[in-house]
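A closer look at the structure
Single-letter residue listing:
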Amino acid sequence: MKPLTLKERFQLSRFFIGEKATDEPVKLNHRRIFILPTHRGLNFAILTALLLLIAFVYNNNLVYLLAFLLASIFFITILHSYKSLAGLILQKGRSKAVFAGEAAGFEILINNPVDVERYNLQITLEQTESLALKPQSKASVILYSLTKTRGWHTAGTVTISSAYPFGLFRVWSPIRFSLKALVYPKPSSLELPFPETPSAQSRQGESRKGADDFYGLKMYLPGDSIKHIHWKAFAKGLGLFSKQYGGDSPAEIWLDYDNAPGRNAEERLSQLCRWVIDAERAGIQYGFSLPGLIISPGFGILHYRKCLEALALF
Amino acid sequence: MNNAHNKNVLIFLLSSIGLIALPHVGHIPKVLSVFFYLLLSWRFTGIWKRNWLPNKLMVFFLTVCGLALIYSQHQGVFGRNAGTSLFITALALKLLEIKSERDLYLIAYLAFIVAASQFLYEQSLFMAAYILFVCCVLFATLVCINSGKPQPGAALKTASIITVQAIPMAVVLFILFPRVEAPKWLMFNEKNQAKTGLSDYMKPGSISDLGLSGELVFRVKFTGALPPPRQRYWRGPVLSHTDGKRWTQVKDMEFGRFLDKIVFKGPPYQYTLLMEPQDKNWVFALDMPAVFALPLSRNANYQLITDENPDKRAEYKITSYLNYNTGYITRTEYKDATQLAGEPSGKIKQLVKQLHGFDGAPEDFIKHLLNYFRKENFHYTLTPPLMEENPVETFLFETRYGFCSHYAAAFVYSMRVARIPARVVTGYQGGELNTAGNFLEIRQADAHAWAEVWIEGMGWVRFDPTAAVAPERIERNIDIEQLVQGGFISYMPAGAAQEAFNWLKQTRQLWSNIDYNWQRWVINYNGRNQSRFLSSLGIDDIKAMLYWMVCGIGLITALLSWFLLHQKQKAVDPVLRIYNRFCKKIIKQGLQKGAGEGVKDFAGRVKKKLPEQAADINRITGLFIKLRYGRNATLDDLKLFKELVEKFKS
């Protein structure tokens, strides 16, 4: 961890949203961990004061002693609270692309390299996950964050916190990882037919119908659907072939931004997204054009992702 | 909070609350104890049978019931007894309404208050240990609430560890926290609480809480030898008249009481007595004063009275003798000393008869009665139960817990039933020897009551029934070393002293020593004792106290933090630690192991940079893999690994 400059050290944001986003694993230490009493802790302090008052009024030394014991426990709990987080190493994991409106999942890896058992850790992004860690163990947790718009969705501040042992103090550490998930546009809910493109105009209907008729074999190319692989031939050691069906080769559509219906860019992108999904599902070769970007017709998971990515980042 | 979680926590919480309220059963009204444990068991069954728990209306009804009970028992909610009852009832009612974690916390906090209120009744070492244990259980409950899966054993362990770690700091606070006595208006006037110190009457039942006030009453400096500790009786008012409950002085001190000349024997004790300001004009001379000067005078009961204003500190020179014979008594005195309030009950007569009170010599009866106190199950305690009706009988036949005034009253009463003239003498007993100044300090806590019996030919003879039950009460106000090495000295029968050195009595004495120190250093550590103790350490003013308090807490915190963090360092695998040292050596070459980089890949990179040491790097890497991931690594491997890394030069 790089040392902080004096200015960074006194930034209030460290307290709430954490330090600058990082790729590195973060070890929780006194720089990252903050402690404040909870409501219950404040009430506990009031309880201690009340006992002191009783001791004072009745001049009772054992009540004094009990009050002092509670006060000391309160004080020492600060150390134990700190201990409940200190030494943990948090690391960013993977994240998956989602469609807008869905929750993006971010994986956080938590490593407990020391001999301290962690009983009740709370990890919060938008919702809170609880987990316990044995000494010398690791765990991963996936935190979900709801997405609204397409593009890159950054994870924001992940807060790990604990109230162990007595719930009198909340100890927390806000951490920002440079974690981001790609968010594709939200697929339009309208079931519109594919656009009529010059190349596929006449055969479009036919192609969709005939998609089930076996047509022949061709050499497997990366991006071809796994479902279409001719496994029998592969088993015989003949190499990878893709089965071609009736509609496959002739059916080819162009998904064009300019032809997509919609009042604004977002609606058009949303419709394009819908078509991409439908075309991929139907097994149609689809080409794709956005202003300033043309993706030649293709098919398969890589092609599909490439198209959605282009839509997300447009 | 899920259900199973909830159940464990509840069992824990309810058990600890049952434990906390247990010692209160003795002193809160019985109805309230029953009410409390009824609700507690109700809640306990509610853990398994949720539907059986009361609904809102029922809870409201129970609340009204509880309040009515408190009011009927205490006529209010202020003061120690009513306050305790209030908290216990509130705790019981809150138990029925557990909805969230917040309620659990409220209950735990209430339970802490109930636990503390226990100390207002009893301050023994046992009680302190018990409450400490109970507090650990309560904290364990909090741990259970805050761990994901409650494990009662682990929670109790954590709570105990933290509590033990907190004790040093609590002790520092206890010693150094400035004690200020509460102003008078803050003192709740407890109807049943008598202030320590002597008054002109004694009522065994009413002085239920003889606090251990350390307030100084007078100091005595002897010119010669000191009288033996068990003979240090400082004579105060003599109480001859009783109405069955109260013992008072006779009103007319002159008429019909002309004194026979006292014959003094043995060595004289000369001393200077320094009285602290008092509100009564009594001067507590060593029993029996012989020579004194004006303004002192001796009344018909051989008590010294001063004519001057007792409000100021005053010094008197007195000579006393321990052996004396007061001679005969007059008919009026005989009448006073055998007076009883009404006919004694059959039970007492039966007892007196059984102990040969009616048919034997007075000396024999006295011996039998003292033996009776010693052999039967009588206890000495400073917090006996209240005895409202027939205090003497209640004490003799039912409770059998009491302190000096109970024993003295019971003794004198029994004497009178046997038509033997007897009376109660109050005053002080013992005194602490201040070795620095070589004088005795007599404090309010030394207040005592004993008996005098008139015996033909011997005059008034002093008997102390308390000594029969609690010899340590008579012995304890001498300095501690004397107590430890000196044997068990029973006052009355000389024969008992011989058999004193069996282990049981030694244990008892050791215990009484511990208890005495507990009382002295913990219970009675008030503002005055504190400033005396601290100034002996060179801490004189409040500024120095605060300074040392902050220093002490700082030191303990530093030690604790070091202790807690140090443990973590130790936890790292030695193999990994050595390997990290190796990596550090490589860093000097500008090569750093990536976070996810394999050991072998890293070794490959290092070898490229340091080709001449490739063999060593290979061996280190190989050993590391064997030690960390292999099955049959030996200690020798570890040794070799360490050696190689240490020798490695980059």
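Right, let's walk through the structure included here. No experiment lies behind these values; they were computed from the predicted model shown. (Residues numbered from 1 in each chain as written. Chains lettered and ligands numbered in written order. Predicted model: local features only at pLDDT ≥ 70, side-chain atom pairs only at ≥ 80, totals over all residues. Heavy atoms only, no water.)

Once that is clear, we can look at the nonpolar core. Formed by 99 residues in total, the largest nonpolar core has its most connected members in A:Phe44, B:Ile17, B:Phe112 and B:Phe139. Take this core: its biggest share by element is 13 residues, from helix H6 (residues 125-146) of chain B. Residues in contact with B:Phe112, not counting those within four places in the same chain, are A:Phe44, A:Leu47, A:Leu66, A:Leu70, B:Cys135, B:Leu138 and B:Phe139. B:Leu351, B:Phe365, B:Tyr407 and B:Ala418 belong to the second largest nonpolar core, which has 41 residues in total. (Core = buried A, V, L, I, M, F, W, Y, C linked by side-chain atoms within 4.5 Å. Buried < 20%, exposed > 50% of the residue type's maximum accessible area, 1.4 Å probe, protein only. Helix = DSSP H or I, 4+ residues; strand = E, 2+ residues; numbered from the N terminus. Contact = heavy atoms within 4.5 Å.)

The next thing to look at is the sheet that holds strand E11 (residues 169-176) of chain A. Residue and element names in this part refer to chain A. The antiparallel open sheet is built from five strands, whose spatial order is E2-E11-E10-E6-E7. Bordering the open sheet on either side are strand E2 (34-37) and strand E7 (128-133), each of which pairs with just one other strand. Taken over all neighbouring pairs, the strand axes of this sheet differ in orientation by 25° on average, direction set aside. Where strand E10 (residues 157-162) lies against E11, six bridges are found, and the strand directions are antiparallel. In the sheet register, Ser 162 faces E11, and the bridge partner there is Val 171. In the packing of helix H4 (residues 61-85) onto the sheet, the strands contacted are E2, strand E6 (118-124), E10 and E11, and the crossing angle to E11 comes to about 30°. (Pairing = 2+ DSSP bridges. Axes fitted to C-alpha atoms, helices over the stretch in contact; angles between N-to-C directions.)

Residues and elements named next belong to chain B. Enumeration according to the criterion identifies 16 salt bridges over all chains in this entry. Of the charged contacts in the structure, one is a salt bridge between Arg 581 and Glu 646, with a shortest N-O distance of 3.0 Å. Here Arg 581 is found in helix H19 (residues 574-587), whereas its partner Glu 646 is found in helix H22 (residues 635-647), with 65 residues between them in sequence. For Glu 646, a relative accessible area of 46% translates into the label partly exposed. Shared partners join several salt bridges into a network, and the residues in it are Arg 235, Asp 287, Arg 423, Glu 452 and Arg 462. (Salt bridge = Lys/Arg side-chain N within 4 Å of Asp/Glu carboxyl O.)

Turning to the interface of chain B and chain A, a few remarks are in order. On the chain A side, the residues contacting the 61 residues of chain B number 44 residues. With both sides pooled, the region where chain B packs onto chain A buries about 4,800 Å², and carbon together with sulfur makes up 74% of that total. Applying the counting rule to chain B against chain A returns one salt bridge. For B:Glu101, the salt bridge goes to A:Arg40, with nearest N and O atoms at 3.3 Å. Counting only elements with at least two residues in the side of chain B that touches chain A, the list comes to helix H5 (101-117), H6, helix H7 (152-176), helix H16 (503-523) and helix H18 (542-570) of chain B. (Buried area = accessible area lost by both parts, 1.4 Å probe.)

On the surface, B:Phe126, B:Leu510, B:Trp511 and B:Ile514 cluster together into a nonpolar patch covering about 410 Å² of accessible area. Ranked by residues supplied to the nonpolar patch, first place goes to H16(B) with three residues. (Patch = residues over 30% accessible without salt bridge, like charges linked within 9 Å, V, L, I, M, F, W, Y side chains within 5 Å. Areas by Shrake-Rupley, 256 points an atom, 1.4 Å probe, with all protein chains shown as cover.)

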